[in-house]
Amino acid sequence: MADLSLLKPAGSKHSLSLPWDVKEDKHPLHTMPALRCVFLASVLLAAAATAAAALGVNWGTMSTRRLPPKVVTRLLTDNGFKKVKIFDADARTMEGLAGTGLETMVAVPNDLLAAVAADYARAKAWVHDNVTKYTGFDGGVDIRFVAVGNEPFLRAYNGAYDRVTVPALRNIQRALDEAGHGRNVKATVPVNADVYDSPPENPVPSAGRFRADVAGAMAEMVKLLNRSGAPLTVNIYPFLSLYGNDDFPLDYAFFDSNSGKAKPAPVIDGKINYTNVFDANFDTLVSALKRIGYGHLPVMIGEVGWPTDGDKHATAALAERFYSGLLRRLAARKGTPLRPGARIEVYLFGLIDEDAKSVAPGSFERHWGLFTFDGRPKFPLALRGGGGGNRPVMPVPARGVEYLSRRWCVLNPDAAAGDERIAGNVGYACERADCTALGYGSSCAGGGGMDARGNASYAFNAYWQAQGQAEAACDFQGLAVVVDDDPSRGACNFSVQVVGSGAAMAVAAARTVAVAAAMALLLVLL
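Note that this is a predicted model, so its numbers are computed, not measured. (Residues numbered from 1 in each chain as written. Predicted model: local features only at pLDDT ≥ 70, side-chain atom pairs only at ≥ 80, totals over all residues. Heavy atoms only, no water.)

A. A look at the packing of aromatic side chains. Tallying each qualifying case throughout the model produces 23 aromatic pairs. Look at Phe239 and Phe364: their rings are 5.0 Å apart centre to centre, the planes differ by 70°, and that puts the pair in the edge-to-face class. You can see Phe239 sitting in helix α8 (residues 238–242) and its partner Phe364 sitting in the loop between β15 (346–348) and β16 (408–411), a full 125 residues away along the chain. With respect to class, Phe239 is no different from Phe364; both count as buried. Between Phe322 and Tyr323 the ring centres are 5.7 Å apart and the planes differ by 75°, which places this aromatic pair in the edge-to-face class. Comparing Phe322 with Tyr323, the two get one shared label, buried. Arg174 extends its terminal NZ or CZ atom over the ring of Tyr120, reaching a point 3.7 Å from the ring centre. One cation-aromatic arrangement involves Arg321 over Phe254; the distance from NZ or CZ to the ring centre is 4.1 Å. (Phe/Tyr/Trp six-rings, centres within 6.5 Å; stacked < 30°, edge-to-face > 60°. Helix = DSSP H or I, 4+ residues; strand = E, 2+ residues; numbered from the N terminus. Buried < 20%, exposed > 50% of the residue type's maximum accessible area, 1.4 Å probe, protein only. Lys NZ or Arg CZ within 6 Å of the ring centre and 35° of its normal.)

Have a look at this one:
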């Protein structure tokens, strides 16, 4: 039987509008129960399809060895994604997207904002090279949005992009308009949720306001977005509310926090009880927009997700719980208390694990993927509408993935346990490869059953795989050896890398932070 809860979410006054009152006995459908059920089921499926159409995903490419773009775009379409957001307009990625029909958000990277803001000719050239070149013809890329920067007002940037972001947005939208794309392609700015807050004396969503140091820039930006018909894009991460804050209530990070439990809501705002941090966060932004006269502006979620490793709360089980609740809400079109029934366009973060991302925010940064680095699903999801008869199932894995040989690089069994060279070589490997699974609370620590020798083997193998299994890369001053038997233990997986292309630039960008992280990690490993 169809689950009609999608037509009227529990506790909501908002129902799906039908062309007649289904309670009227005189309507012919009430004399034909089978036909009536078919009709209602079709309405339900249409609602689920609408929710699925609003679902996108972020495709990041900060990996030591990247899957071929066509393999990734097939992974997207095999799992029903209709939209994708990327962080640049890399030619290989764009070629992979060509002809797929995936609605795409490309991006102007932060390091180009100043140039695009200062020189309109640079904005025109960027639009020509990264939008016009790929769109407007059969077999091209279906570009719908241009992200101007990525979280440019983030506090951690210390104002580096505060003065250039809005001028860059203005120039990019003008260039899109003049090139004839403005009707179908909109420029937006993905902002972090730290651009708004509530005053300490009244920390509730209805008191939302923009951060004082960027309030002027945000007001000007919102005015531009409203004029062009573009949404405001915001990245919301309930996980980050929990990360590093042991006083934060765990259940409040999820959408089922009060499900079947008689306990007070953590945040009470007048007559509204906020039972999860996502709703409270989103509505704080809505209130901030209302405060400057743009309470009606559409809001799009540029990033939302849950990592699966690199922290005690970054697990596949908690990620599954988070996504299950999120996807059910999207399918039900429940909205939030200040925007009930709203259709919220959402881009999940992210598609695939990225082992070369900076770990400055935390080791979890390399584990946001719904899929592993090689496109294997981590947990069941209801990606095609959620709820109802569409129960969570394991997503379709990537097809056509080519792997390196099934061999591993490990610490030589003859190496002495007290050999002082081991620590230095582990540090060297972890500076240049991903060892985050070895950190406190991660998959290879504690319950992973790993000892100091196992940790060294993991580090050596991670480096060797990242180097494409080059013979000279498994030496480490004679401390390492190549083996054919899989050394994985329990939840701790020793990977075999893919044949895909390397990403030397990404590795170099992450290396500076990785050096410090690797040294800190040694305190845990040895």
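Once the structure has been displayed, the description carries forward.
B. The arrangement of empty space enclosed by the protein in detail. Across all of its chains, the model carries six cavities of 30 Å³ or more by this definition. Size it by volume and the largest cavity reaches roughly 100 Å³. Trp59, Gly60, Thr61, Ser63, Arg65, Arg66, Leu67, Val72, Ile352, Asp353, Glu354 and Phe373 are the residues that line the largest cavity. Among the residues making up the lining of the largest cavity, the classes are represented as five nonpolar, three polar and four charged. (1 Å grid on protein atoms, 1.4 Å probe; cavity = no way out; pocket = protein on both sides within 12 Å on 5 of 7 lines; lining within 4 Å. Points joined across faces, edges and corners; volume = space filled by probe spheres on them. Nonpolar A, V, L, I, M, F, W, Y, C, P; charged D, E, K, R; others polar.)

C. Main features of the pairing of strand β3 (residues 103–108). Among the six residues of β3, five are classified as buried, and the element is accordingly described as predominantly covered. Bridging between strand β2 (residues 83–85) and β3 involves three bridges; their strand directions are parallel. By the bridge assignment, Lys85 is partnered in β3 with Met105. Running through helix α3 (residues 91–97), the crossover from β2 to the neighbouring parallel element β3 is right-handed. Examined bridge by bridge, β3 and strand β4 (residues 142–148) share six bridges and lie parallel to one another. Looking at the pairing, Ala107 lines up with Ala147 of β4. (Pairing = 2+ DSSP bridges. Right-handed = clockwise from strand over helix to strand, strands pointing away.)

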